[in-house]
Amino acid sequence: MSSGAATYDLGNLHGGLRLDDEKAASTAIAVQVLPIPQQLILPIQQHVGEPAHPIVGIGEHVLKGQLIAQADGSLSAPVHASSSGKVLAIEPWPVSRRRGDSAPCIVIECDGEDQSIVPVDAPAPFNTLTPDALRQQILAGGIVGLGGAVFPTGQKLMQAATMPLEYLILNGVECEPYISCDDLLMREQAAEVLGGAQILMHALNVTSCFVVIESDKPEAIAAIGEAMATLDDARITLKQIPTIYPSGGEDQLVQLVTNREVPSGGLPTDVGCVVQNVGTAAAIYRWICEGEPLISRITTVSGPGVATPMNVVARIGTTVGDIIASAGGYTDQAEQLIIGGPMCGKSVTTDDVPLVKATNCILVLNQTRPIGAEQPCIRCGECATVCPIQLLPQQLFWHASADNENKLRAHGLTDCIECGCCDLVCPSHIPLTASFRNAKARIQELADEKARAERARIRFESRNERIENEKRQREAELAEQKQSALSAGPAAITDILERQKRKHDDQDGDE
Ligand code: SF4
Ligand code: SF4
């Protein structure tokens, strides 16, 4: 077996920041499993791509693990019931997401029985499936990237499998302050993480996997090391990296581990790598080996506004309010509720929002951001110094303010990983990251609109073409029949014309 435990320097990785980690409070106790809530709120879109399509009706009784919304379109992921109960409604509900503050959700009143849907067959050993069948199976489990990207994992693997691949990289790097769910997952479920790595290697046909952890996580490193010794799989290697924010970004990780640079606008697969979060690997293990789709996750509940910071296993669909109550409730310092971490998270105004597949942290802070009033840019260049992608944030900001899509693209807006480093160092307190996020959303909305218009145009043109073809066909038939009637005489002509009239009347009626 390989027990590689080298600490890597940051090589030529650009920028980044060393931040106070603020993780001690939430890592002091083991992960707590939360009780089943009274109600589950399950958004039909918890992933990148098209929303899933509900397949249950109001009043219907559902079981834990039952498919309640199926993937719809070429990029989508299904949603499963997180516990048993009755479907109360399918309606818009407050959610935490980039575009819009509410979204259609399936609301389930739990019956407290937590009765599972019984699998017809025990899951087949994963290595008896072909890689392609395994990828399809992963898609059916509703598995999405749990590091925050929420790209449907089955589809990511399918796309990756079309490329020449060398390495699977399991991302256990959790460099954003407060967030510690992956650390606790690796400490407590190391065998599941490595089991997921083996499944992913089979699905991708690769024979080399790195599990990457920051060197300031000794408990996780020890747990993964022990699980590796038990598993004795020489294909898996543990790598430690120093803690610097945002080294957990996919492209940064690829560079740190392989010294390969992901090209601008490209993907890790362009340089032979696939990156998966450790939580995604454990979720794949539970689905493929134990038959449980993605219906729960570990999330960190922390910040000075929470009475007992901790990590919890909660059912997808549990409200944030219920989760905070399980962590002792709010303190009198609670001022701002953020879903996600302090750098990349999103502020919400209600704790009615549900925990979704992407929710790695629920943070309650005692001060609102940003600190200080916004001032004009003084061209100090600090933002460019810390940008891990080597962008020029001040220029991007000007182009975002002018809504200049071409300039934004030319200056690499799509490469921005929204890490927030530029905000943190800006002496003028300019909300740079928020402006990039909004600009990306605007560009995406325009692209979606264009795609919708294009689909409508294609539908319209094909309908017109079909009608034209039918008309041409009818005229040809008519001409042919006229020709044969001319040769058959007047009685036959009258008969044929009457038959044609009846037929055309019928066809017009159908249209
Ligand atoms: S938010 Fe974007 S522009 Fe700002 S530092 Fe991060 S990657 Fe660079
Ligand atoms: S850090 Fe702020 S003030 Fe300095 S160049 Fe960047 S945007 Fe301007």
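Residues numbered from 1 in each chain as written. Chains lettered and ligands numbered in written order. Predicted model: local features only at pLDDT ≥ 70, side-chain atom pairs only at ≥ 80, totals over all residues. Heavy atoms only, no water.

Brief notes about the packing of aromatic side chains
Any two aromatic rings considered together are summarised by their centre-to-centre distance and by the angle between their planes. Counted only if it meets this: Centres within 6.5 Å are what make two rings of Phe, Tyr or Trp a pair, Trp counting through its six-membered ring; a difference in plane orientation under 30 degrees is then read as stacked, over 60 as edge-to-face, and the rest as tilted. Every helix listed is a DSSP run of H or I at least four residues long, and every strand listed is a run of E at least two residues long, numbered separately from the N terminus. Between buried and exposed lies partly exposed: a residue is buried under 20% and exposed over 50% of the maximum accessible area for its type, with that area taken using a 1.4 Å probe on protein chains only. By definition, being over a ring means that NZ of Lys or CZ of Arg is both within 6 Å of the ring centre and within 35 degrees of the ring normal.
Using the criterion set out here, one finds 1 aromatic pair in the structure. Between the aromatic rings of Y167 and F210, the centroid separation amounts to 5.2 Å while the plane-to-plane angle is 50 degrees, which identifies the pairing as tilted. In this pair, Y167 is assigned in strand 9 (residues 167-171) and F210 in strand 10 (residues 209-214), connecting sequence segments 43 residues apart. In terms of burial, Y167 and F210 fall into one category: buried. Sitting over the face of the ring of F210, K239 holds its NZ or CZ atom 4.2 Å from the ring centroid.

Some details on the site of ligand 1
What counts here: Whether a residue is near a molecule or strand depends on its heavy atoms: it is near if one of them lies within 4 Å of it. Space inside and on the surface of the protein is sampled on a 1 Å grid over the protein atoms alone, with a cavity defined as a set of points where a 1.4 Å probe fits but cannot get out and a pocket as an open set with protein on both sides within 12 Å along at least 5 of 7 lines; lining residues have an atom within 4 Å of a point. For a molecule to be placed in a cavity or pocket, more than half of its atoms must lie within 2 Å of the grid points of that cavity or pocket. Throughout this entry, Asp, Glu, Lys and Arg are counted as charged residues, while Ala, Val, Leu, Ile, Met, Phe, Trp, Tyr, Cys and Pro are counted as nonpolar. The remaining residues, Gly among them, count as polar.
Lining the immediate environment of ligand 1, one finds 13 residues, of which C387, C416, C419, G420 and C422 sit closest. Put simply, ligand 1 lies in the second largest cavity. Listed by contribution, the elements that provide at least two residues to the shell around ligand 1 are helix 12 (421-425) and helix 13 (432-488). Residues that form the shell around ligand 1 fall into these classes: 10 nonpolar, 2 polar and 1 charged.

Quick notes on the site of ligand 2
In the vicinity of ligand 2, the contacting residues are C377, I378, R379, C380, G381, C383, Q394, C426, P427, S428 and I430. Put simply, ligand 2 lies in the largest cavity. Tallied by class, the residues present in the shell around ligand 2 amount to 7 nonpolar, 3 polar and 1 charged.

A look at empty space enclosed by the protein
Filter applied, for reference: Grid points are joined across faces, edges and corners, and a volume is the space filled by probe spheres set on the points.
Here the structure, examined in full by the defined rule, presents 2 cavities of 30 Å³ or more. Size it by volume and the largest cavity reaches roughly 120 Å³. What lines the largest cavity is a set of 15 residues, and nearest its centre among them are C377, C383, Q394, C426 and I430. Going through the elements one at a time, helix 9 (382-386) and helix 10 (393-401) are the ones with two or more residues in the lining of the largest cavity. Residues that form the lining of the largest cavity fall into these classes: 10 nonpolar, 3 polar and 2 charged. The space that makes up the second largest cavity amounts to roughly 90 Å³. Lining the second largest cavity are 14 residues, and of these C387, L391, C416, C419 and C422 lie nearest its centre. Looking at the lining of the second largest cavity, the elements with two or more residues in it are helix 10 and helix 12.

Some details on the domain arrangement of the protein
Stated formally: As annotated, the domain borders come from an automatic or database domain assignment. When checking whether two residues touch, look at their non-hydrogen atoms; a contact exists if any pair is within 4.5 Å. Note on definitions: buried area is the accessible-area loss of two parts on being combined, 1.4 Å probe, summed for both. For this document, the term salt bridge refers to a Lys or Arg side-chain nitrogen within 4 Å of an Asp or Glu carboxyl oxygen. Whenever a nitrogen or oxygen atom comes within 3.5 Å of another N or O atom, the pair is scored as a polar contact, on the condition that within protein one atom can donate a hydrogen and the other can accept it, and that pairs from neighbouring residues in sequence are kept only if both atoms are in side chains.
Split by domain assignment, the protein resolves into domain 1 (32-301) and domain 2 (370-511). For domain 1 versus domain 2, the distance between C-alpha centres works out to 31 Å. Tallying the contact residues gives 7 residues for domain 1 and 12 residues for domain 2. Between domain 1 and domain 2, the buried area comes to about 770 Å², and carbon and sulfur atoms account for 49% of it. Counting the contacts that link domain 1 with domain 2 gives 0 salt bridges. At the junction of domain 1 and domain 2, the tally comes to 3 residue pairs in polar contact (both at pLDDT 80 or more).

What to know about the sheet that holds strand 8 (residues 102-110)
So the rule is basically this: For two strands to be treated as a pair, DSSP must find at least two bridges joining them.
On the basis of which strands lie adjacent, the open sheet formed by 4 strands has the order 2-8-7-4 and antiparallel pairing. Each end of this open sheet is capped by a strand with a single partner; those strands are strand 2 (39-43) and strand 4 (61-62). For strand 7 (residues 85-94) and strand 8, the ladder comprises 9 bridges, and the chain directions are antiparallel. Looking at the pairing, P94 lines up with S102 of strand 8.

What to know about helix 6 (residues 250-258)
Within helix 6, 7 of the 9 residues are buried, which leaves the element mostly enclosed by the surrounding structure. All buried positions along helix 6 are accounted for by Q252, L253, V254, Q255, L256, V257 and T258. Buried positions along helix 6 lie against strand 9, strand 10, strand 11 (236-241) and strand 12 (273-277). Downstream of helix 6 by one or two residues, N259 has phi in the positive range, about 60 degrees.

So, the pairing of strand 10
Under the convention used in this document: Handedness of a crossover is defined as follows: orient the strands so they point away from the viewer, and if the path from the first strand over the helix to the second runs clockwise, the crossover is right-handed.
Counting buried positions along strand 10 yields 6 of 6 residues, so the element is predominantly enclosed. Across the two faces of strand 10 the burial is the same, with C209, V211 and I213 and F210, V212 and E214 all buried. Where strand 9 and strand 10 come together, 4 bridges link them in parallel fashion. The residue of strand 10 that forms the bridge with L170 is V211. Pairing analysis gives 6 bridges linking strand 10 to strand 11, with the strands arranged parallel. Looking at the pairing, E214 lines up with I241 of strand 11. Taken together, strand 10, helix 5 (residues 218-231) and strand 11 form a β-α-β motif whose crossover is right-handed.

Some details on the sheet that holds strand 15 (residues 336-339)
Adjacent strands of a sheet form backbone hydrogen bonds with each other and so pair up, either parallel or antiparallel. Going by this rule: Helix axes use the C-alpha atoms of the stretch in contact, all axes being lines fitted to C-alpha atoms, and the angles between their N-to-C directions lie in the range 0 to 180 degrees.
What the 6 strands build is an open sheet, ordered 1-14-13-17-15-16; its pairing is mixed. Pairing within the sheet leaves two strands with one partner each, and these edge strands are strand 1 (32-33) and strand 16 (346-348). Two strands pair when backbone bridges link them, and strand 15 and strand 16 are joined in this way by 3 bridges, in the antiparallel orientation. Residue pairing for strand 16: L337 is matched across the bridge by V348. Sheet strands in contact with helix 3 (residues 181-188) are strand 13 (296-302) and strand 14 (310-315), and its direction is about 125 degrees off that of strand 13.

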